[in-house]
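# Tertiary structure, described
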Amino acid sequence: MLELRLVQGSLLKKVLEAIKDLVTDANFDCSATGFSLQAMDSSHVALVALLLRSEGFEHYRCDRNISMGMNLNNMSKMLKCAGNDDIITIKGDDGSDTVTFMFESPNQDKISDFEMKLMDIDSEHLGIPEAEYHAIVKMPSSEFGRICKDLSSIGDTVVISVSKEGVKFSTRGDIGSANIVCRQNKTVDKPEEATIIEMNEPLPVVVEYKIADMGYIRFYLAPKIEDEEEDMKS
Amino acid sequence: MLELRLVQGSLLKKVLEAIKDLVTDANFDCSATGFSLQAMDSSHVALVALLLRSEGFEHYRCDRNISMGMNLNNMSKMLKCAGNDDIITIKGDDGSDTVTFMFESPNQDKISDFEMKLMDIDSEHLGIPEAEYHAIVKMPSSEFGRICKDLSSIGDTVVISVSKEGVKFSTRGDIGSANIVCRQNKTVDKPEEATIIEMNEPLPVVVEYKIADMGYIRFYLAPKIEDEEEDMKS
Amino acid sequence: MLELRLVQGSLLKKVLEAIKDLVTDANFDCSATGFSLQAMDSSHVALVALLLRSEGFEHYRCDRNISMGMNLNNMSKMLKCAGNDDIITIKGDDGSDTVTFMFESPNQDKISDFEMKLMDIDSEHLGIPEAEYHAIVKMPSSEFGRICKDLSSIGDTVVISVSKEGVKFSTRGDIGSANIVCRQNKTVDKPEEATIIEMNEPLPVVVEYKIADMGYIRFYLAPKIEDEEEDMKS
């Protein structure tokens, strides 16, 4: 039996919105550690790894490890029916082919049960090697999102390069080219020291978003190998 | 001659927005009682009954009963041109084939006259029998709207069942099923006691929205008869 | 060499948004006087004249008169990447086929360089005769915009007539007709005295928007000659 009660239900809603356009179907894995998911996007460029640690739930009961295949689009439809202040409980029975999402309004006046069909999904769990990253950049996710959106109107790919001064995002397209440099700024409560020692070759990129204090979503992105070496210089 | 002056013009704007997607053309009936409309939607599933009582108007002059056929989409286009704080006056002359909507800004700086062509609409006024309803549920219209919207992403039809504890909305679709229970809550200023005595068979549903203190819109909905009895149980 | 530094960069962003749907490609002319543009829309109904005076820039260096052909849609894509509080600097080198837009965030943490390809545009600079206008109406641009939008849902053309009392906007379409009268109102800080002496024939209309204190956009509109004289009366 499975029963996971998450007081800040909006976290789960946001997580789904972040994943569902990238991954169609995925297995959610539930164990004593937490509620997790690992999936490749359909173009096999990004690997999504989600973890919501068991300690982050108000109530976490998972009698045995279980893997539940869900269509993320359908799951998102159901989670959208939860209010932003609702408590969300995920319930499953051993051997059942459905999962139930229960939404409770803060004052308990409205209780909703959404039962979703599960699906069998073939997936191999990829081992993600523990890597020593050559560069770590912390910045507000809203700023990172804004830069990606801005550059996508100019070019198709982005080169991210890191130096002691800051991080540079560069792109080039038919209409011209663009460079955005974000300088280190420790005076605000934002980025930790962004230093890089070597940047000789493009590295696989991991974009990690912290989920409150309870976990993360990580996107592992394969580097795009350019034919023209020119593009990697900046 | 007809001259109806409504200080809170936004009421009329909202009423039109609520009706226009359901009904294309309709006769507005004006009498000493008030300004009213009765129309079936094109699929003949819902009957809309609108009443704005004469007392709710700042000035209400209607020399003789008159019925004015209007295209609600065109009427909506014109009413959208009224500011939300504007005073709206509806004017008609005997035998004229137009109606005029006058909008006055609160400070009288901007006066607009919109003259709309009337149309001949065949319609039979249906007698709506005074029914004793087996169940009456009062709830905030925003909450009701939210529930309908949420469930529409799961299934096509909804079963509404009422008990002493509350009202339950249920649906079922390809991706799963959903139940939303709203409990009685008298401590807030919201719903009156929601009690039902008999719920043995599906009843025609009336959804009534109060329009400030001056009237209502009622939607009479025919029940959907399911082939599978199963669907009616909950 | 060209270097124009505009502290209130959002002005340039807004100006582009106002022009780009009307004009596809245009030459920006830079001289000691200021940064300007003159262009006809593709249907040759409106002439756009933009001026940003050199005094309005924090730093204005323009060694020699230069004309830079830009695709306004591409330029708009780049300017959209500037934050609303960013400082925008326009840079060009003699003989270069590109222009650079630099955006600096207020705290200097984020510096972006967008380099855009220039294009050769054939354009003849039209002499706009200094006219004595028969009527001048000043009103809030938001109000004027709202009226144009409202009337466009009723008819295709608008007749603007001016009297001592105010300005009247009239239109007529399939579904009816509309007149909007805006009365003079000097008690607020809005329009100057709106008086007209003669309005015997339709006049070319100039719509001028002031750009803060530093310049203007003017739209010179050709009058639409109606076949039916009726339409000109109101």
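Reading the values: the criteria
- Throughout, a residue's number is its position along its own chain's written sequence, starting from 1.
- Labels follow written order: the first chain is A, the first ligand is 1, and so on.
- Confidence filtering applies because this is a predicted model: local features only for residues at pLDDT of at least 70, side-chain atom pairs given and counted only at 80 or more, and all residues used for totals across whole chains, interfaces and linings.
- Derived side-chain values reflect all non-hydrogen atoms in the structure, with water molecules and hydrogen atoms excluded from consideration.
- Only protein chains enter the calculation, and the probe is 1.4 Å; a residue is then buried if its accessible area is under 20% of its type maximum, exposed if over 50%, and partly exposed in between.
- The secondary structure listing takes helices from DSSP runs of H or I that are at least 4 residues long and strands from runs of E that are at least 2 residues long, numbered from the N terminus.
- By the criterion applied in these results, polar contacts are pairs of N or O atoms within 3.5 Å in which, for protein atoms, one can donate a hydrogen and the other can accept it, and in which residues neighboring in sequence qualify only through two side-chain atoms.
- A pair of strands is considered paired only if DSSP assigns at least 2 bridges between the two.
- Any two residues having at least one pair of non-hydrogen atoms within 4.5 Å are treated as being in contact.
- When two parts are put together, the accessible area they lose, computed with a 1.4 Å probe and summed over both, is reported as buried area.
- By definition, a salt bridge exists where a carboxyl oxygen of Asp or Glu is found within 4 Å of a side-chain nitrogen of Lys or Arg.
- In this count, Pro and Cys sit with the nonpolar residues alongside Ala, Val, Leu, Ile, Met, Phe, Trp and Tyr, while Asp, Glu, Lys and Arg are called charged and the others, Gly among them, polar.
- UniProt positions are given in the numbering used here, feature names are shortened, and annotations may be inferred rather than shown by experiment.
- Stacked, tilted and edge-to-face are the three classes applied to pairs of Phe, Tyr and Trp rings, where Trp contributes its six-membered ring and a pair requires centres within 6.5 Å; stacked means planes under 30 degrees apart, edge-to-face means over 60, and tilted covers the rest.

Residue and element names in this part refer to chain C. Most of helix H2 (residues 72-79) sits out of view: 6 of its 8 residues are buried. Every buried residue of H2 is accounted for by Leu72, Asn74, Met75, Ser76, Met78 and Leu79. Measuring from the side-chain oxygen of the N-cap residue of H2 to the backbone nitrogen of asparagine 73 gives 2.9 Å; that N-cap residue is asparagine 71.

Here we take up the pairing of strand S11 (residues 166-173) of chain B. Residue and element names in this part refer to chain B. Counting buried positions along S11 yields 6 of 8 residues, so the element is predominantly enclosed. Taken together, the 4 bridges between strand S10 (residues 159-162) and S11 define a ladder with antiparallel strand orientation. Residue pairing across strands places valine 159 opposite serine 170, the latter belonging to S11. Remark: 3 residues form the turn of the hairpin made by S10 and S11, two consecutive strands paired antiparallel. In this structure, S11 lies alongside strand S12 (residues 176-183), joined through 8 bridges in antiparallel fashion. Bridging across to S12, phenylalanine 169 finds its partner in isoleucine 180.

The next subject is the interface of chain C and chain A. At the interface, 18 residues of chain C touch 19 residues of chain A. Across the chain C to chain A interface the summed buried area is about 1500 Å²; carbon plus sulfur atoms make up 46%. Among the residues of chain C in contact with chain A, C:Asp109, C:Lys110 and C:Ile111 are the three that bury the most area, contributing 34% of the side total. There are 1 salt bridge connecting chain C and chain A. Close ionic contact of C:Lys110 with A:Glu143 constitutes a salt bridge, the shortest N to O distance being 2.6 Å. One can count 10 residue pairs in polar contact (both at pLDDT 80 or more) joining chain C with chain A. A total of 8 residues in the side of chain C that touches chain A trace back to one element, the largest contributor, which is strand S9 (residues 110-117) of chain C. For the side of chain C that touches chain A, a count of residues per class yields 6 nonpolar, 5 polar and 7 charged. Pairing analysis gives 7 bridges linking strand S12 (residues 176-183) of chain A to S9(C), with the strands arranged antiparallel. By the bridge assignment, A:Gly176 is partnered in S9(C) with C:Met116.

Here we come to the environment of C:Leu4. Residues and elements named next belong to chain C. Tracing the backbone shows leucine 4 in strand S1 (residues 2-6). With a relative accessible area of 0%, leucine 4 lands in the buried category. In sequence terms leucine 4 and phenylalanine 35 are 31 residues apart; their C-alpha atoms lie 8.8 Å from each other. Leave out the neighbours within four places in its chain, and leucine 4 touches Cys30, Phe35, Phe57, His59, Tyr60, Arg61, Ile88, Thr89 and Ile90.

A word on the UniProt feature "domain: Proliferating cell nuclear antigen PCNA N-terminal" (unreviewed entry) in chain A. Within this numbering scheme, the UniProt entry marks residues 1-125 of chain A as carrying the feature "domain: Proliferating cell nuclear antigen PCNA N-terminal" (unreviewed entry). For residues 1-125 of chain A, the helix share is 14%, the strand share is 46%, and the end-to-end C-alpha distance is 23 Å.

All names here are of chain A. Looking at the secondary structure, you find aspartate 150 in helix H3 (residues 141-152). With a relative accessible area of 3%, aspartate 150 lands in the buried category. With 25 residues separating them along the chain, aspartate 150 and isoleucine 175 place their C-alpha atoms 14 Å apart.

Another point: the packing of aromatic side chains. All names here are of chain B. Tallying each qualifying case throughout the model produces 15 aromatic pairs over all chains. Each ring, one from phenylalanine 103 and one from phenylalanine 114, has its centre 5.2 Å from the other, and the planes form 35°; the classification is tilted. One end of the pair, phenylalanine 103, is in strand S8 (residues 98-104); the other, phenylalanine 114, is in strand S9 (residues 110-117), with 11 residues separating them in the sequence. Looking at phenylalanine 103, the relative accessible area reads 0%, which means it is buried. Overall, the relative accessible area of 0% leaves phenylalanine 114 in the buried class. With a centroid separation of 6.0 Å and 85° between ring planes, the pair formed by tyrosine 209 and phenylalanine 219 is classed as edge-to-face.

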